[in-house]
Amino acid sequence: MTDAAADDRTAYVAIEGGRVVEARSRAPGRARGELVFTTAYTGYEESLTDPSYEEQILTFSYPLIGNYGVREERFESERVHPRGVVARELTDDVADWLTEEGVPAVDHLDTRDLVTGIREEGAMECGIAAGPDATPEVAREELERCVAMSDHTDIGEQVSVPGRETHNPDGDGPRVGLIDCGAKGSIVSSLLERDAVVDVVPYDATVADIERTDPDLLFISNGPGDPENFEAAAALVDEYVGSLPIAGICLGQQVVANALGGSTEKMEFGHRGVNQPVRDLRTNRVVMTTQNHGYTVAEPGDRLEVTQVNVNDDTPEGLESDDLDVITRQYHPEANPGPNDSLDFFDDVLELAGYETERGATGAPKTT
Ligand SMILES: NC(=O)CC[C@H](N)C(=O)O
C-alpha cells in the first residue's frame, strides 16, 4: 500500500467526553451528530434510508454490514439519512453506496466498546473525520459543532414532502391524511396495499390544508428528533380529535400524546433494533417489533390509555382511546425490516374509519 492510499483510509471518531478513536475510512468526509446504535442484524438498507435517523450517526452493533448487497427496492426513502455510519466491517457495496451518497462511513474500530459506552453513558455527541484530510483535530472540531437533538427545531423541513402528494386516488378504502414528519415509504405502502387513498401532506400542514384533502382519518408519521419540535402536527391532532379517527407511528405516537395532555422525554439510549418485545395489556400477547426511537411518552395524559408496553423497560408502546378513535404505536408495525408480527395495526387503523380489510397481510410491497 502506498502512503497516499494509507492516508485515504485514515479516519477518526471523536466522542463526547474527549476520546478520539482511530478507524478506517470507507466513505470520506466530515460528519457530526448524535451517536446512537442499532442492534438490528439485518435491514441495513431500511435503517440507512429511514428519515428518523436524520442528524444522527448510526453505529451498527452487528459486526458485518452489507453481506446481501444494496437494492433500491428495500429503501425507505430516496436518500441516506444518518449523517455518518459506523460499523465493525462494511462491505464494498455499502461503502460505495455511502460514498456516492456523500455520507461519511468508518469501520475497523471496536464497535462493541462504543456500544457499551453508549449503554453506560447514554446517546453521545460525536464527530467524524474520514479520508485524505482526516486528523483527530478535524474530528474534534466536528464534535464541538454538534447541536443537541432537541435544538434541531427545523428538522421536519429536512425530511418532509414539499407539497401534497396523492397516492391511489381511485382507491376504495378511506382517505388518509398522512402528516409526513419523515415517513418511511413502507407506511405509505402498507396503507395503499389496503386500498386506502393517501394524501401525504407536509409536516407543517395547517387546518386549511387538511380541509382541502377532506380526510376520513388523520395519520401522524414517524420522524426524526424531538417530538416537541412538531407543533403544527400536534395542533392538527388537537383540532381533529373526536371528529376524525387519529393514528400515529413512533414520532406520531409522541406527537399525539403531547397534543392530548401527555408528555414526552428523552431516553438514555433509546430502542433501536428488530427484536424489541412488546406486550399488549388487553390480550397479554407479546409480539416482536422493529424499533428506532430515542424519545418516549412519559405521561399519556387523561384521555389516552396505555394498551401496550415494552417488556424490557415498561415504556408505553401503544396508546388508545376507544371513545376518541385514537390508536398509536411507538414501534414500527410496517415492519421494514421485519418481524411482521404487527402488520394488522394498519387493518385496525382503517377499521376506525369504518373500512373492513381482508387482514392477514404478510408484508408491504414498497413504493420507492
Ligand atoms: N422513528 C421515529 O419516529 C423516531 C421518533 C423520535 N424522533 C425519537 O427518536 O424518539
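The model shown is predicted, which means the values in this text are computed figures rather than measured ones.

### Overview of the nonpolar core
Within the largest apolar cluster, 31 residues are counted, with the highest numbers of intra-cluster contacts made by Ile179, Cys181, Ile210, Ile220, Val256 and Val326. Contact partners of isoleucine 210, with chain neighbours within four places excluded, come to Ile179, Val201, Ala205, Pro215, Leu218, Leu236 and Tyr240. Counting 20 residues, the second-largest nonpolar core is a separate cluster that includes Val188, Leu191, Val198 and Phe345.

### Some remarks on the domain arrangement of the protein
Each assigned domain of the protein is listed here: domain 1 (3–147) and domain 2 (155–352). Spacing between the C-alpha centres of domain 1 and domain 2 amounts to 28 Å. With 27 residues of domain 1 at the interface, the matching set in domain 2 holds 21 residues. Considering only the surface of domain 1 that becomes buried against domain 2, Pro51, Ser52 and Glu76 emerge as the three largest contributors, covering 28% of it. In this structure, glutamate 34 and lysine 266 form a salt bridge, with 2.5 Å as the shortest nitrogen-oxygen distance. Along the contact surface separating domain 1 from domain 2 lie eleven residue pairs in polar contact (both at pLDDT 80 or more). Breaking the side of domain 1 that touches domain 2 down by element, the ones donating at least two residues are strand 3 (29–38) and helix 4 (111–121). Residues that form the side of domain 1 that touches domain 2 fall into these classes: eight nonpolar, eight polar and eleven charged.

### Regarding the packing of aromatic side chains
Here the structure, examined in full by the defined rule, presents eight aromatic pairs. Taken together, a centroid distance of 6.5 Å and an interplanar angle of 65 degrees make the contact between tyrosine 41 and tyrosine 62 edge-to-face. On the criterion of sequence distance, the pair formed by tyrosine 41 in the loop between strand 3 and helix 2 (44–48) and tyrosine 62 in the loop between strand 4 (56–60) and strand 5 (64–65) is long-range, its members being 21 residues apart. What makes tyrosine 62 partly exposed here is its relative accessible area of 33%. Plain terms: the ring middles of phenylalanine 75 and tryptophan 97 are 4.8 Å apart, the flat faces sit at 15 degrees to each other, and that makes the pair stacked.

### Notes on a negative patch on the surface
A cluster of like negative charges, contributed by Glu211, Asp214, Asp216, Asp238 and Glu239, occupies part of the molecular surface. Mapped onto the fold, glutamate 239 is located in helix 9 (residues 231–240).

### Side note on helix 7 (residues 185–193)
Extensive coverage of helix 7 is indicated by the burial of seven of its nine residues. For helix 7, the complete set of buried residues consists of Gly185, Ser186, Ile187, Val188, Ser189, Ser190 and Leu191. In the core, the buried residues of helix 7 are packed alongside strand 10 (165–167), strand 11 (175–180), strand 12 (197–202), strand 13 (217–220), strand 14 (246–249) and helix 11 (345–352). One or two steps after helix 7, the chain reaches aspartate 195, where phi turns positive at roughly 65 degrees.

### Topic: the UniProt feature "active site" (unreviewed entry) in the protein
With numbering matched to this structure, UniProt assigns "active site" (unreviewed entry) to Cys250, His332 and Glu334. The named residues occupy 85 residues along the chain; their greatest pairwise C-alpha distance, 11.1 Å, places them in one compact cluster. Looking at the element boundaries, cysteine 250 is found in the loop between strand 14 and helix 10 (251–259). If sequence neighbours within four positions are ignored, cysteine 250 has contacts with Asn222, Asn292, His293, Arg329, Gln330, Tyr331 and His332. In this fold, glutamate 334 is placed in the loop between strand 19 (326–329) and helix 11. The exposure class assigned to glutamate 334 is buried, which follows from its relative accessible area of 1%. Apart from the residues within four sequence positions on either side, glutamate 334 is in contact with Lys184, Ser186, Ile187, Ser190, Ile249, Leu343 and Phe346. In terms of polar contacts, glutamate 334 uses its side chain to reach the side chain of lysine 184, at 2.9 Å.

### Re the site of the ligand
Neighbouring the ligand are 13 residues, the closest being Gly223, Gly225, Asn292, Gly294 and Tyr295. A distance of 2.8 Å is found between a nitrogen atom of the ligand and a backbone nitrogen or oxygen belonging to glycine 223. In the model, an oxygen atom of the ligand is placed 2.8 Å from a nitrogen or oxygen of the tyrosine 295 main chain. The protein chains hide 97% of the 300 Å² of surface that the ligand would expose on its own. Of all the secondary structure elements, the ones that give two or more residues to the shell around the ligand are helix 10 and strand 16 (286–299). Sort the elements by how many residues they give to the shell around the ligand and strand 16 lands first, with four residues. For the shell around the ligand, the class distribution of residues is four nonpolar, nine polar and no charged.

### Thoughts on a nonpolar patch on the surface
On the surface, a cluster of nonpolar side chains totalling about 270 Å² of accessible area is made up of Tyr41, Tyr62 and Leu64. On the basis of relative accessible area, tyrosine 41 is assigned to the partly exposed category, the value being 45%.

### Considerations on the sheet that holds strand 14
What the ten strands build is an open sheet, ordered 10-12-11-13-14-19-18-17-15-16; its pairing is mixed. Of all the strands in the sheet, the pair left with one neighbour each is strand 10 and strand 16. Pairwise comparison of adjacent strand axes, ignoring direction, gives a mean angle of 20 degrees for this sheet. Sheet topology places strand 17 (residues 305–310) next to strand 18 (residues 316–321); four bridges connect them, and they run antiparallel. Across the sheet, valine 306 pairs through a bridge with leucine 319, a residue of strand 18. Set on the sheet, helix 11 makes contact with strand 11, strand 13, strand 14 and strand 19; between it and strand 19 the angle comes to about 160 degrees.

Scoring rules and cut-offs
- Residues numbered from 1 in each chain as written.
- Predicted model: local features only at pLDDT ≥ 70, side-chain atom pairs only at ≥ 80, totals over all residues.
- Heavy atoms only, no water.
- Core = buried A, V, L, I, M, F, W, Y, C linked by side-chain atoms within 4.5 Å.
- Buried < 20%, exposed > 50% of the residue type's maximum accessible area, 1.4 Å probe, protein only.
- Contact = heavy atoms within 4.5 Å.
- Domains from an automatic or database assignment.
- Buried area = accessible area lost by both parts, 1.4 Å probe.
- Salt bridge = Lys/Arg side-chain N within 4 Å of Asp/Glu carboxyl O.
- Polar contact = N/O pair within 3.5 Å; in protein donor to acceptor, adjacent residues only side chain to side chain.
- Helix = DSSP H or I, 4+ residues; strand = E, 2+ residues; numbered from the N terminus.
- Nonpolar A, V, L, I, M, F, W, Y, C, P; charged D, E, K, R; others polar.
- Phe/Tyr/Trp six-rings, centres within 6.5 Å; stacked < 30°, edge-to-face > 60°.
- Patch = residues over 30% accessible without salt bridge, like charges linked within 9 Å, V, L, I, M, F, W, Y side chains within 5 Å.
- Areas by Shrake-Rupley, 256 points an atom, 1.4 Å probe, with all protein chains shown as cover.
- Lys, Arg positive; Asp, Glu negative; His and termini not counted.
- Charge placed at Lys NZ, Arg CZ, Asp CG, Glu CD.
- UniProt positions renumbered as here; feature names shortened; annotations may be inferred.
- Near = heavy atom within 4 Å.
- Pairing = 2+ DSSP bridges.
- Axes fitted to C-alpha atoms, helices over the stretch in contact; angles between N-to-C directions.

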